[in-house]
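If you want the building blocks of each chain, they are given just below.
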Amino acid sequence: MDQPKTSLSYDELLARMQQIHWFHSIALRPGLTTFGPKTELILAHEEQALLGCLDLHGRTVLDIGAWNGHFSFAAKRRGAARVLATDSYTWTHPHFKGQESFELARAELGLEIDTQLIDPTEITGDLGLFDVVLFLGVFYHLFDPIDVIQRLRSVTGQVLMIETHQDALEKTRPGMVFYPGTTLGGDATNWWGPNPPLMLSLLKQIGFARVMYREYPGEVMYRGLYAAFTPEADPAIAAGFGVEWRDLEAPGVLDSLVVAA
Ligand SMILES: C[S@@+](CC[C@H](N)C(=O)[O-])C[C@H]1O[C@@H](n2cnc3c(N)ncnc32)[C@H](O)[C@@H]1O
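This is a predicted model, so every value here is computed, not measured.

Rules used throughout
Residues numbered from 1 in each chain as written. Predicted model: local features only at pLDDT ≥ 70, side-chain atom pairs only at ≥ 80, totals over all residues. Heavy atoms only, no water. 1 Å grid on protein atoms, 1.4 Å probe; cavity = no way out; pocket = protein on both sides within 12 Å on 5 of 7 lines; lining within 4 Å. Points joined across faces, edges and corners; volume = space filled by probe spheres on them. Nonpolar A, V, L, I, M, F, W, Y, C, P; charged D, E, K, R; others polar. Near = heavy atom within 4 Å. Polar contact = N/O pair within 3.5 Å; in protein donor to acceptor, adjacent residues only side chain to side chain. Areas by Shrake-Rupley, 256 points an atom, 1.4 Å probe, with all protein chains shown as cover. Sits in = over half its atoms within 2 Å of the grid points. Salt bridge = Lys/Arg side-chain N within 4 Å of Asp/Glu carboxyl O. Helix = DSSP H or I, 4+ residues; strand = E, 2+ residues; numbered from the N terminus. Buried < 20%, exposed > 50% of the residue type's maximum accessible area, 1.4 Å probe, protein only. Contact = heavy atoms within 4.5 Å. Expected span 1.5 Å × (residues − 1). Arc of directions from axis to C-beta. Phe/Tyr/Trp six-rings, centres within 6.5 Å; stacked < 30°, edge-to-face > 60°. Lys NZ or Arg CZ within 6 Å of the ring centre and 35° of its normal. Axes fitted to C-alpha atoms, helices over the stretch in contact; angles between N-to-C directions. Parallel < 35°, antiparallel > 145°, perpendicular 65-115°, else oblique. Left-handed = near helix turned anticlockwise from the far one by under 90°.

*Asks:* Please provide a residue-by-residue account of empty space enclosed by the protein, values included.
*Replies:* Going through the model one piece at a time under the given rule, you end up with 1 cavity of 30 Å³ or more. Space inside the largest cavity adds up to approximately 30 Å³. If you trace the largest cavity, you find it lined by Ala168, Leu169, Lys171, Asn195, Pro196, Pro197, Leu254, Leu257 and Val258. Along the lines of polarity and charge, the residues of the lining of the largest cavity split into 7 nonpolar, 1 polar and 1 charged.

*Asks:* Mind laying out the site of the ligand, listing which residues take part and the relevant values?
*Replies:* As a matter of local geometry, the ligand sits amid 17 residues, with His24, Lys38, Gly65, Asp87 and Leu136 nearest to it. In the model, a nitrogen atom of the ligand is placed 2.7 Å from a nitrogen or oxygen of the Gly65 main chain. Between the ligand and the protein, one listed contact pairs a nitrogen atom with a backbone N or O atom of Leu136 at 2.8 Å. Surface burial for the ligand is 91%, taken as the share of its 590 Å² of free accessible area covered by protein chains. Placement of the ligand is best described as lying within the largest pocket. Along the lines of polarity and charge, the residues of the shell around the ligand split into 9 nonpolar, 6 polar and 2 charged.

*Asks:* Describe the pattern of salt bridges, listing the residues and the values that go with them.
*Replies:* Under the definition given, this model contains 13 salt bridges. Close ionic contact of Glu108 with Arg29 constitutes a salt bridge, the shortest N to O distance being 2.5 Å. On the criterion of sequence distance, the pair formed by Glu108 in helix H4 (residues 98-109) and Arg29 in strand S1 (residues 27-29) is long-range, its members being 79 residues apart. Classification of Glu108 by relative accessible area gives buried; the value is 2%. Note on Arg29: relative accessible area 9%, which makes it buried. A salt bridge links Glu46 to Lys38, with the nearest nitrogen and oxygen atoms 2.8 Å apart. Residue classification places Glu46 among the buried residues on the basis of a relative accessible area of 4%.

*Asks:* Tell me about the environment of His24, residues and numbers included.
*Replies:* Relative to the assigned elements, His24 resides in the loop between helix H1 (10-18) and S1. Sequence separation of His24 and Asn68 is 44 residues, and the distance between their C-alpha atoms is 6.2 Å. In contact with His24, not counting residues within four places along its chain, are Thr34, Gly36, Lys38, Leu43, Ala66, Asn68, Gly69, His70 and Phe71.

*Asks:* Describe helix H2 (residues 40-51), and please don't skip the residues or the numbers.
*Replies:* Given a rise of 1.5 Å per residue, 12 residues ought to cover 16 Å, and the 15 Å separating the end C-alpha atoms of H2 matches this to within 8%. Inspection of H2 places Leu43, Glu46, Glu47, Ala49, Leu50 and Leu51 among the buried residues, and these make up the whole buried set. In an axial view of H2, the angular spread of the buried residues amounts to 170°, which keeps them on one side of the axis. Residues of H2 that are buried make contact with helix H3 (70-77), strand S6 (130-136), strand S7 (156-165), strand S10 (210-215) and strand S11 (223-229).

*Asks:* Mind laying out the packing of aromatic side chains, listing which residues take part and the relevant values?
*Replies:* For the structure shown, the criterion picks out 11 aromatic pairs. Both rings, one in Phe229 and one in Phe241, keep their centres 5.5 Å apart while their planes meet at 65°; by these two values the pair is edge-to-face. Here Phe229, found in strand S11, pairs with Phe241, found in the loop between S11 and strand S12 (246-247); they are 12 residues apart in sequence, far enough to count as distant. Considered together, Phe229 and Phe241 belong to a single accessibility category, that of buried residues. Taken together, the ring pairs connect Phe143, Phe178, Trp191 and Trp192 into an aromatic cluster. The cationic tip of Arg153 hangs over the ring face of Phe208; the distance from NZ or CZ to the ring centre is 5.3 Å.

*Asks:* Quick one: what's the story with the packing of H1 against H4, residue by residue and with numbers?
*Replies:* Two numbers describe how H1 lies on H4: the axes approach to 10 Å, and their chain directions differ by 155°. Regarding the angle of H1 to H4, the classification is roughly antiparallel. H4 is crossed by H1, and the crossing has left-handed handedness. Taken together, the residues of H4 that come into contact with H1 (itself represented by Leu13, Arg16 and Met17) are Glu100, Leu104 and Glu108.

*Asks:* Which residues make up the environment of Thr39, and what values go with them?
*Replies:* Considering the arrangement of structural elements, one finds Thr39 in the loop between strand S2 (32-33) and H2. Taking the relative accessible area as the measure of exposure, Thr39 reaches 33% and is therefore partly exposed. The spacing of Thr39 and Phe23 is 16 residues in sequence and 8.7 Å in space, taken between C-alpha atoms. A polar contact of 3.1 Å, which involves the side chain of Thr39, links it to the backbone nitrogen of Ile42.

Here you go:
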């Protein structure tokens, strides 16, 4: 780990960390790791699955719903030329204090990352075009994810990486399950569980040329990872996609993902 980049003493940093509700466990200094339920091990596995397949050197990356910032920091450390981290819900939430948490971690790690306070529902092409767009753990929180996915198409230069809760896995037809109120996990911000046929048809319908899928890197059936490539994507950007990733339009792939009811 690098030398601390802020002038905070150990006790001052610990006190600041304790004032924040963390989601990511991020090692800020030896002996000082933030207290998120997403452990360093879980994050390492997700990071390897989502970013290990991409050559980020010199690329531009947009992280939507960055929260404490683990994936923004990881993209920068993996060589991205520019990273823009965005969020709104947790960043402005008085309990989560997400923007404060992001800034504390970013400053302590000494990483140059741009930020913008913007909700996914307000993203337009004015944000610019990014080689890689990260949309991790956000899809199912949106009441209208279809509108947002269309918005994301306008900022994706090459590949949109999606990590999401899923449902209707026993169906072969495109479908999403709606969760009224707090019926998914007791969380009133959870709305939808799509299945892989839905994600394939939706992403193709709005202009992505190819959609790859891989299972979540752990014993979690109801999560899935998607990589949606634009028609302009540089083939080199997909060179690192291993056998875990399957083209959803290849013969038999969608059928192989159907689980017994
Ligand atoms: C489960 S966290 C995912 C954080 C990070 N991307 C990851 O994968 O670890 C969900 C993120 O979605 C954002 N978000 C965007 N719109 C939201 C909404 N309407 N309700 C709840 N969260 C929302 C939150 O601010 C939060 O950063």
